[in-house]
Amino acid sequence: MPSVRIIGPGRAGMAFSAALGSLGWDVVGLVHRGDPVAKAAQGVDLLLITTPDARIADIASQIIPEPETVVAHVAGSLGLSALTPHPRRGSLHPLMALPPGEDGVRRLFSGGWFAVAGDEMMFNIGAALNGHLVEIDDQIRPLYHAAATIAANHLVALMGQVQRIAELIDMPMDAYLDLAEGSLENVRALGSRDALTGPAARGDNATIARHIAALPNNERETYHAMRREAERLARGTKRTNRLPHE
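Residues numbered from 1 in each chain as written. Predicted model: local features only at pLDDT ≥ 70, side-chain atom pairs only at ≥ 80, totals over all residues. Heavy atoms only, no water.

**Digging into a negative patch on the surface**
Argument step 1. Residues Asp174, Asp178, Glu181 and Glu185 make up a contiguous surface patch of negative charge.
Argument step 2. Along the polypeptide, Glu185 turns up in helix 6 (residues 173-190). (Patch = residues over 30% accessible without salt bridge, like charges linked within 9 Å, V, L, I, M, F, W, Y side chains within 5 Å. Areas by Shrake-Rupley, 256 points an atom, 1.4 Å probe, with all protein chains shown as cover. Salt bridge = Lys/Arg side-chain N within 4 Å of Asp/Glu carboxyl O. Lys, Arg positive; Asp, Glu negative; His and termini not counted. Charge placed at Lys NZ, Arg CZ, Asp CG, Glu CD. Helix = DSSP H or I, 4+ residues; strand = E, 2+ residues; numbered from the N terminus.)

**Describing the packing of helix 5 (residues 141-168) against helix 10 (residues 217-235)**
Argument step 1. Between helix 5 and helix 10, the least distance of the axes is 11 Å, while the angle of their chain directions is 130°. Relative to helix 10, the element helix 5 lies oblique. Note on packing geometry: the crossing formed by helix 5 with helix 10 is left-handed. Across the interface between the two elements, Leu158, Gln161, Arg164 and Ile165 from helix 5 touch Glu219, Thr222, Tyr223 and Met226 from helix 10.
Argument step 2. Counted by class, the contact of helix 5 with helix 10 contains four nonpolar, two polar and two charged residues. (Axes fitted to C-alpha atoms, helices over the stretch in contact; angles between N-to-C directions. Parallel < 35°, antiparallel > 145°, perpendicular 65-115°, else oblique. Left-handed = near helix turned anticlockwise from the far one by under 90°. Contact = heavy atoms within 4.5 Å. Nonpolar A, V, L, I, M, F, W, Y, C, P; charged D, E, K, R; others polar.)

**Examining a nonpolar patch on the surface**
Argument step 1. Nonpolar side chains collect at one region of the surface, where Leu95, Trp113 and Val134 lie side by side and expose about 270 Å² of accessible area between them.
Argument step 2. The residue Leu95 is located in the loop between strand 5 (88-94) and helix 3 (102-108) in this model.

**Looking at the side chain of His93**
Argument step 1. Relative to the assigned elements, His93 resides in strand 5.
Argument step 2. His93 sits in the buried class, given a relative accessible area of 11%.
Argument step 3. At 2.5 Å, the side chain of His93 and the side chain of Tyr144 are in polar contact. (Buried < 20%, exposed > 50% of the residue type's maximum accessible area, 1.4 Å probe, protein only. Polar contact = N/O pair within 3.5 Å; in protein donor to acceptor, adjacent residues only side chain to side chain.)

**Quick notes on the pattern of salt bridges**
Argument step 1. In total, this model carries six salt bridges according to the counting rule given.
Argument step 2. Measuring nitrogen to oxygen at the nearest pair gives 2.9 Å for the salt bridge that ties Asp119 to Arg88. Remark: Arg88 occurs in strand 5 and Asp119 occurs in the loop between strand 6 (113-118) and helix 4 (120-128); sequence separation between them is 31 residues.
Argument step 3. Here Arg88 falls in the partly exposed class, since its relative accessible area comes to 26%.
Argument step 4. Arg227 is the salt-bridge partner of Glu231, the closest N and O atoms lying 3.2 Å from each other.

If you want it as structure tokens, here you go:
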């Protein structure tokens, strides 16, 4: 039976602890903030770091390397270089928002996407979690995580604006959530450009002007920014095959 020790028993750490346990792994311990970590890699097959991204490199540098132990993290924004002192390194980032408790464990098994890199053990775990696996190299990791942040966090922030405006007119938020879900289904079926509807797609500037006039002043900047993005999408953009630093 393979064994794992987890550093960082937060939402992700607890979800992975339960998920690996259900797969037959021996979860030998959870390392909390402030606990000594120098010997954390001893006596286990996998040492999984699930702390916030900003702490991972520092924690990894404090751990005495073990030749047979895989040291891995679940961060989206960091690659294998954050684990440089260790001979066997890996990363397994769940491309999903993990809710707390049992829902987070179920989400890990839901057939979602995982960004994997490094040791083969990461690919095996991702496959055991029923995941779709995509290998992401360190070089493109920032772009991968930027897209993930836009798809998750920015989308939630945008729906926060919808909720604020809906509350002004006593409109149930569920109505707009149903609309948003339908739009995402259209994106999946048709692609973003063909799924786009609304005044910006039609070039209906009169309707846009009425929206701006009706919106509170502190909501207009976001509306303008997203209108410009909708117009850009409607015009179509050529895909670039070059990274920004190339």
